[in-house]
Amino acid sequence: EVQLVESGGGVVQAGGSLRLSCAASGFTLDDYNIGWFRQAPGKEREGLSCISSGGVRPYYADSVKGRFTMSSDNAKNTVYLQMNSLKPEDTAVYYCNADLVVLSGNWHDYWGQGTQVTVSS
């Protein structure tokens, strides 16, 4: 069974921190391109951080650079997003994504169900 599950969201005060987890099953997360996204009500999905398969370091959107950090634990087949200095504008549903285009041309594209992050002022 192929599954991608986010967890770790919640309600925090501005300036607080959360660590989101993205746990994969049925495939090896490290073989895939991985990204974190968020979507607030009435707004389009925003990319936050990503790393390519075999990449040495993640890339971050300007809106979160210096505050958010992506990391991984291959033994747990899990990717994390450490979020510090949270702001009310960070309030959104956060999603992780894993995708891979194989040599055959087939595209594997997996999304989690999302986890809600609410930052109060």
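Residues numbered from 1 in each chain as written. Predicted model: local features only at pLDDT ≥ 70, side-chain atom pairs only at ≥ 80, totals over all residues. Heavy atoms only, no water.

1. Quick notes on the overall build of the chain
Piece 1. Each helix and strand counted, the chain has zero helices and eleven strands in total.
Piece 2. When the helices and strands of the chain are placed in sequence order, the string is β-β-β-β-β-β-β-β-β-β-β.
Piece 3. Taken over the C-alpha trace, the chain has a radius of gyration of 14 Å; the compact-globule value for 121 residues is 14 Å, and the two agree within 12%.
Piece 4. Taken over the C-alpha atoms alone, the chain extends approximately 50 × 30 × 25 Å along its principal axes.
Piece 5. Burial analysis of the chain (121 residues in total) assigns 36% to the buried set.
Piece 6. At a minimum sequence separation of 6, the contacts of the chain that also span at least 24 residues come to 54%.
Piece 7. For the chain, the exposed area adds up to about 6,700 Å²; of that, 49% sits on carbon and sulfur atoms.
Piece 8. Positive and negative side-chain charges of the chain, numbering 9 and 12 respectively, have mean locations separated by a distance of 9 Å. (Helix = DSSP H or I, 4+ residues; strand = E, 2+ residues; numbered from the N terminus. Rg over C-alpha atoms; globule rule 2.2 N^0.38 Å. Buried < 20%, exposed > 50% of the residue type's maximum accessible area, 1.4 Å probe, protein only. Contact = heavy atoms within 4.5 Å. Areas by Shrake-Rupley, 256 points an atom, 1.4 Å probe, with all protein chains shown as cover. Lys, Arg positive; Asp, Glu negative; His and termini not counted. Charge placed at Lys NZ, Arg CZ, Asp CG, Glu CD.)

2. Things to note about the state of the cysteines
Piece 1. Within this structure, the stated rule accounts for one disulfide.
Piece 2. The disulfide partner of C22 is C96, and the S-S distance across this bridge is 2.0 Å. Its torsion about the S-S bond being 70°, the disulfide of C22 and C96 is classed as right-handed. Pair noted here: C22 is in strand β3 (residues 18-25) and C96 is in strand β9 (residues 92-101), with a separation of 74 residues, a long-range link. Residue C22 shares its accessibility class with C96, and that shared class is buried.
Piece 3. C96 supplies the cysteine sulfur nearest to C50, a cysteine that is in no disulfide, at a spacing of 13 Å. (Disulfide = S-S within 2.5 Å.)

3. Section: the pattern of salt bridges
Piece 1. Considering all chains together, one arrives at four salt bridges under this definition.
Piece 2. One salt bridge in this structure joins E46 and R38, with 2.9 Å as the shortest N-O distance.
Piece 3. Judged by its relative accessible area of 27%, E46 falls in the partly exposed class.
Piece 4. Among the ionic pairs, D90 bridges to R38, the shortest N-O distance being 2.8 Å. With a gap of 52 residues between them, D90 in the loop between β8 (78-83) and β9 and R38 in strand β4 (residues 33-39) connect regions that are remote in the sequence.
Piece 5. By relative accessible area, which is 0% here, D90 ends up buried. (Salt bridge = Lys/Arg side-chain N within 4 Å of Asp/Glu carboxyl O.)

4. Digging into the environment of S85
Piece 1. Take S85: it is sitting in the loop between β8 and β9.
Piece 2. The spacing of S85 and S17 is 68 residues in sequence and 6.2 Å in space, taken between C-alpha atoms.
Piece 3. Sequence-distant contacts of S85, that is, excluding residues within four places in its chain, are made with G15, G16, S17, R67 and D90.

5. Observations concerning the pairing of strand β5 (residues 46-51)
Piece 1. Summarising the sheet, β4 and β5 pair through five bridges and their orientation is antiparallel. Within the sheet, the bridge partner assigned to G35 lies in β5 and is C50.
Piece 2. Where β4 folds back on β5, the antiparallel hairpin that results is connected by six residues, among which G42 adopts a positive phi of roughly 80°.
Piece 3. Across two bridges, β5 lies against strand β6 (residues 59-60) in antiparallel orientation. (Pairing = 2+ DSSP bridges.)

6. Considerations on the pairing of strand β10 (residues 107-111)
Piece 1. Bridge analysis of β9 against β10 gives five bridges, and the strand direction is antiparallel. Bridge pairing links V101 to W107 in β10.
Piece 2. The antiparallel pairing of β9 with β10 creates a hairpin that spans five residues between the two strands, and G105 there sits at a positive phi of about 95°.

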